[in-house]
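# Understanding the architecture of this molecule
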Amino acid sequence: MASTLETRQTVEEVAGDYKYGFVSDIETVKAPKGLNEGVIRFISAKKEEPEWLLDWRLKAYKKWLKMEEPDWAMLSYHKPDFQDIYYYAAPKSADDRPKSLDEVDPELLRVYEKLGISLQEQEVLSGVAVDIVFDSVSVATTFRETLKEKGVIFCSISEAARDYPELMKKYLGSVVPVADNFYAALNSAVFTDGTFVYIPKGVRCPMELSTYFRINEANTGQFERTIIIADDDSYVSYLEGCTAPMRDENQLHAAVVEIVVLENAEVKYSTVQNWYPGDKDGKGGIYNFVTKRAACRGTNSKVSWTQVETGSAVTWKYPSCILQGDGSVGEFYSVAITNNYQQADTGTKMIHIGKNTSSTIISKGISAGKAQNIYRGLVKVMPNAENTRNFTQCDSLLIGDECGAHTVPYIEAKNPTAQLEHEATTSKISDEQLFYCLQRGLDVEQSVTLIVNGFCKEVMQQLPMEFAVEAQKLLGISLEGSVG
Amino acid sequence: MLEIKNLHVEVGGKEILKGLNLTINSGEVHAIMGPNGAGKSTLSYAICGKDGYEITDGTVTFNGKDLLELEANERAGEGIFLGLQYPVEIPGVSNLNFLKAALNSLRKYRGEEEIAAVDFLKLIRAKAAELEMDPEMLKRAVNVGFSGGEKKRNEMVQMALLDPIFSVLDETDSGLDIDALRIVADGINRMRSPKKAILVITHYQRLLDYVVPDFVHVLADGKIVKSGDKSLAIKLEQDGYSGLGINETAA
Ligand SMILES: Nc1ncnc2c1ncn2[C@@H]1O[C@H](COP(=O)(O)OP(=O)(O)OP(=O)(O)O)[C@@H](O)[C@H]1O
Ligand SMILES: [Mg+2]
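Residues numbered from 1 in each chain as written. Chains lettered and ligands numbered in written order. Predicted model: local features only at pLDDT ≥ 70, side-chain atom pairs only at ≥ 80, totals over all residues. Heavy atoms only, no water.

## Some thoughts on the overall build of chain B
Within chain B, the regular secondary structure consists of eight helices and twelve strands. Projected onto the principal axes, the alpha-carbon positions of chain B cover approximately 55 × 40 × 35 Å. Considering chain B as a whole, with its 251 residues, one finds that 53% of them fall into the buried category. Long-range pairs, those at least 24 residues apart, make up 71% of the contacts in chain B between residues at least 6 apart in sequence. In the form shown here, chain B has an accessible surface area of approximately 10,800 Å², with 47% of it arising from carbon and sulfur atoms. (Helix = DSSP H or I, 4+ residues; strand = E, 2+ residues; numbered from the N terminus. Buried < 20%, exposed > 50% of the residue type's maximum accessible area, 1.4 Å probe, protein only. Contact = heavy atoms within 4.5 Å. Areas by Shrake-Rupley, 256 points an atom, 1.4 Å probe, with all protein chains shown as cover.)

Given below as structure tokens:
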């Protein structure tokens, strides 16, 4: 969130004097705990959804009931009790939130300070019940006006269901079908938040789109659903997440992101994920089970996923590219850091269907403490995909002796003209490197940050500037205490 | 300035330095020579506080401060610099970034302000020019793909930039071509000042023709076994360590 400060300032300029207002008490409504058809009907009704969407949810729910939680990932965790979760809860009332920063976990505040986040933003992020807050809604409205001139649609998924039913019907579930996997099916049944983006033909989106402008409160949605459509010859860069850890009471996060890229269009999707990783002994922390997929449907379309994953106790995530249009391009740049008892099983899938399609995978996994970091990637070349290329580079960096890094590449080439390259390395931060940095005056933490940022350079430089600076600091903070 | 008394150092459970004494005063240049494996690099690491070099006995003081109490980066902050025998590669980190971070850390330790980006660039370019290093190399990752000689020259650029009070230069001359040796020697001589001191570790008398030392010591089997002036280095060059009655494989 803070990483978008610059953008926010730009928007404030556009918006002129933004308004301050009293946050009105939002009526607290909760669906009963657990999941059944009634709860889904409740959600749909609360969101004032059209009938077809309710049916779609119910269909997903029925499929989900017959599915089993996957266990092929190299992850071990207590399986969530799906009947012990609230699937719909309106934002908390002010009474339930901390009254001031004094009541907020000092550890969290220390991290905010290190990231250079202003006091006001700290209050918002940590969920303090401030009575005067930056009115993001009015800014977002102005922001949306600017986009509207270009014909860009940028709204919540619920609004899209109401206001753009044709687009929603056409694209919802078109990249990630309802029964794609256990968590995608669950998300399809109960999603309550998320973003809808449509970039019309020939439009280059005038600004980086960030969820910040859309979400009124600090909490991120538990079951988010995002759809991005880039029509012919368009371009958009989308930022998800926030370098600052946010207060969050939901243990299970199961988001779905669907991206459709049409002819000559390009989508750049950047994520910084820094949810609560649990404490040093591995207690608590978020389960992050995400399905992200992009379909390059038009010729010469391009999608590029960049992710910096430092948070969550367990991450299960494979942003993928279906390269259907001839000459389409898929890219995946990933940094995944695991420390203490964190586990990450992440990677990508590049499915080459069209001719002359190409993909690049650069994955940097860093493990410290007792953490496990797994890269799992599939490169698949279909029989008709002539002259495809893939370059994969998977580098692992280990800090200490108790952590692990594993690389699991799957390659299926059904066309002999495919050129596939795979490189993998595993290294450690050596005592020599560390001493060299210390000898030049850097302290242990700075040294680790520097070395790790160097290791991740090819990925970090893919991030939009305003994200990159904070993400660099974040790498160091995530690895705090891992050396020395 | 630097006072080492009865220093005993163990590495991997093995005693390498066995009661070493050495005093270096401001304004002086000392040279240490000695057979391979004698413990010269070990001494430099012990002075600079590298992990794994366990001081089992003795004291090291620097301008009255107990160095052994300080972390490696704090010792750097106090003004100690080590030019490494084998400079280390840091992939993905440009020389510029590395040095800017280093310089600012040192400044912070000394209670000074961070250097402005523009001033830093001017300064580092000037230092690179002094040592005739191609400024393009500043943009490259620290020592990655540098030739042996380029790495050594890079160490000297770092020294010139960080401007230490006391420099230990561990075989900085090894691997340098004839011209580079002179350029590096000039760089070392520029560091000579009544307020500073330098300890050069070398195998060759050649460097000492350019950087004339006030004292020459022979380190063998974990101790200083002989000290003298420049003529000791010349004598060593002629007679070898065995000529001095030192067993070449002492360590
Ligand atoms: N980790 C270790 N475990 C055991 N012995 C070690 C270890 N590290 C260094 N040594 C030994 O310590 C001794 C001194 O090494 P040092 O590098 O100080 O020698 P040196 O005088 O600098 O030699 P050279 O002239 O070859 O550079 C050597 O015999 C070396 O093998
Ligand atoms: Mg040596």
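## Focus on the coordination of the magnesium ion (ligand 2)
Residues and elements named next belong to chain B. Around the magnesium ion (ligand 2), the donor atoms from the protein are Ser-41 (OG) and Gln-85 (OE1), and they sit 2.0 to 2.1 Å away. Of this pair, Ser-41 sits in helix H1 (residues 40–48) while Gln-85 is found in the loop between strand E6 (80–83) and strand E7 (90–94), placing the two residues 44 residues apart along the sequence. Across this residue pair, the class does not change: Ser-41 and Gln-85 are buried. (Donors = N, O, S within 2.8 Å, 3.2 Å for Na, K, Ca; no water.)

## Description of the site of ligand 1
Residue and element names in this part refer to chain B. With respect to spatial proximity, 14 residues lie near ligand 1, and among them Gly-37, Gly-39, Lys-40, Ser-41 and Thr-42 are the closest. At 3.2 Å from an oxygen atom of ligand 1 is found a main-chain nitrogen or oxygen belonging to Ala-38. One of the backbone nitrogen or oxygen atoms of Gly-39 is found 2.9 Å away from an oxygen atom of ligand 1. If ligand 1 stood free it would expose 640 Å²; the protein chains cover 64% of that surface. Those elements that place two or more of their residues in the shell around ligand 1 are strand E2 (14–24) and H1. Tallying contributions element by element places H1 first for the shell around ligand 1, with three residues. (Near = heavy atom within 4 Å. Polar contact = N/O pair within 3.5 Å; in protein donor to acceptor, adjacent residues only side chain to side chain.)

## Quick word on the state of the cysteines
By definition, a disulfide links the sulfur atoms of two cysteines through a covalent bond. Residue and element names in this part refer to chain A. Overall, the coordinates contain zero disulfides over all chains when judged by the stated rule. Not part of a disulfide, Cys-155 finds its nearest cysteine sulfur in Cys-205, a span of 13 Å. Residue Cys-155 is classed as buried on the basis of its relative accessible area, which comes to 3%. Residue Cys-296 stays outside any disulfide, its sulfur separated by 6.0 Å from that of Cys-321, the closest cysteine. (Disulfide = S-S within 2.5 Å.)

## Remarks on the interface of chain B and chain A
Chain B puts 28 residues into the contact, and the matching count from chain A is 17 residues. Counting the surface lost from both chain B and chain A, the interface buries some 1,900 Å², and carbon and sulfur atoms represent 67% of this. The interface formed by chain B and chain A contains two salt bridges. A:Glu432 serves as the salt-bridge partner of B:Lys50, at 2.5 Å between the closest nitrogen and oxygen. If you look at where chain B meets chain A, you find eleven residue pairs in polar contact (both at pLDDT 80 or more). Only H1, helix H2 (72–77), E6, E7, helix H3 (95–109) and helix H5 (148–162) of chain B provide two or more residues apiece to the side of chain B that touches chain A. Considering each element in turn, the side of chain B that touches chain A owes the most residues, five residues, to H3(B). (Buried area = accessible area lost by both parts, 1.4 Å probe. Salt bridge = Lys/Arg side-chain N within 4 Å of Asp/Glu carboxyl O.)

## Structural notes on the environment of A:Ala471
Within the secondary structure, A:Ala471 sits in helix H13 (residues 465–478). Put simply, A:Ala471 and A:Val381 are 90 residues apart on the chain and 34 Å apart in space, counted from C-alpha to C-alpha.

## Section: the nonpolar core
Grouped together as the largest cluster of nonpolar side chains are 116 residues, with contacts concentrated most on A:Ile366, A:Val452, B:Phe98 and B:Phe166. Two domains each provide a minimum of three residues to this core, namely domain 1 (1–20 + 442–484) and domain 2 (22–441) of chain A. Those residues in contact with A:Ile366 that lie beyond four places of it in its chain are A:Val335, A:Ala336, A:Ile337, A:Thr338, A:Asn373, A:Leu397, A:Ile399, A:Val452, A:Phe455, A:Cys456 and A:Leu479. Core analysis: the second largest hydrophobic core is formed by 52 residues, A:Val175, A:Tyr183, A:Val190 and A:Ile229 among them. (Core = buried A, V, L, I, M, F, W, Y, C linked by side-chain atoms within 4.5 Å. Domains from an automatic or database assignment.)

## With respect to the pattern of salt bridges
All names here are of chain B. Taken as a whole and assessed by the stated rule, the structure comprises 28 salt bridges over all chains. With a closest N to O distance of 2.8 Å, Asp-221 and Lys-18 form a salt bridge. With Asp-221 in the loop between strand E11 (215–220) and strand E12 (223–228) and Lys-18 in strand E2, this residue pair connects regions lying 203 residues apart in the sequence. On the accessibility criterion, Asp-221 (33% relative accessible area) is partly exposed. By relative accessible area, which is 27% here, Lys-18 ends up partly exposed.

## Let's talk about empty space enclosed by the protein
Residues and elements named next belong to chain A. Within the structure shown, the criterion is met by five cavities of 30 Å³ or more. In this structure, the second largest cavity spans a volume of roughly 100 Å³. Ser-363, Gly-365, Asn-373, Ile-374 and Tyr-375 are the residues nearest the centre of the second largest cavity, which is lined by 16 residues in total. Elements that contribute at least two residues to the lining of the second largest cavity include exactly strand E15 (329–338), strand E16 (343–352), strand E17 (358–368), strand E18 (372–381), strand E19 (389–399) and strand E20 (404–413). Counted by class, the lining of the second largest cavity contains five nonpolar, nine polar and two charged residues. (1 Å grid on protein atoms, 1.4 Å probe; cavity = no way out; pocket = protein on both sides within 12 Å on 5 of 7 lines; lining within 4 Å. Points joined across faces, edges and corners; volume = space filled by probe spheres on them. Nonpolar A, V, L, I, M, F, W, Y, C, P; charged D, E, K, R; others polar.)

## Some points on the packing of helix H3 (residues 51–65) of chain A against helix H9 (residues 182–190) of chain A
Residues and elements named next belong to chain A. Relative orientation of the contacting elements H3 and H9 amounts to 145°, with a least axis distance of 7 Å. Here H3 and H9 pass one another in a crossing that is left-handed. Mapping the contact onto sequence places Trp-56, Arg-57, Ala-60, Tyr-61 and Trp-64 in H3 and Phe-182, Ala-185, Leu-186, Ser-188, Ala-189 and Val-190 in H9. Classifying every residue of the contact of H3 with H9 by side-chain character gives nine nonpolar, one polar and one charged. (Axes fitted to C-alpha atoms, helices over the stretch in contact; angles between N-to-C directions. Left-handed = near helix turned anticlockwise from the far one by under 90°.)

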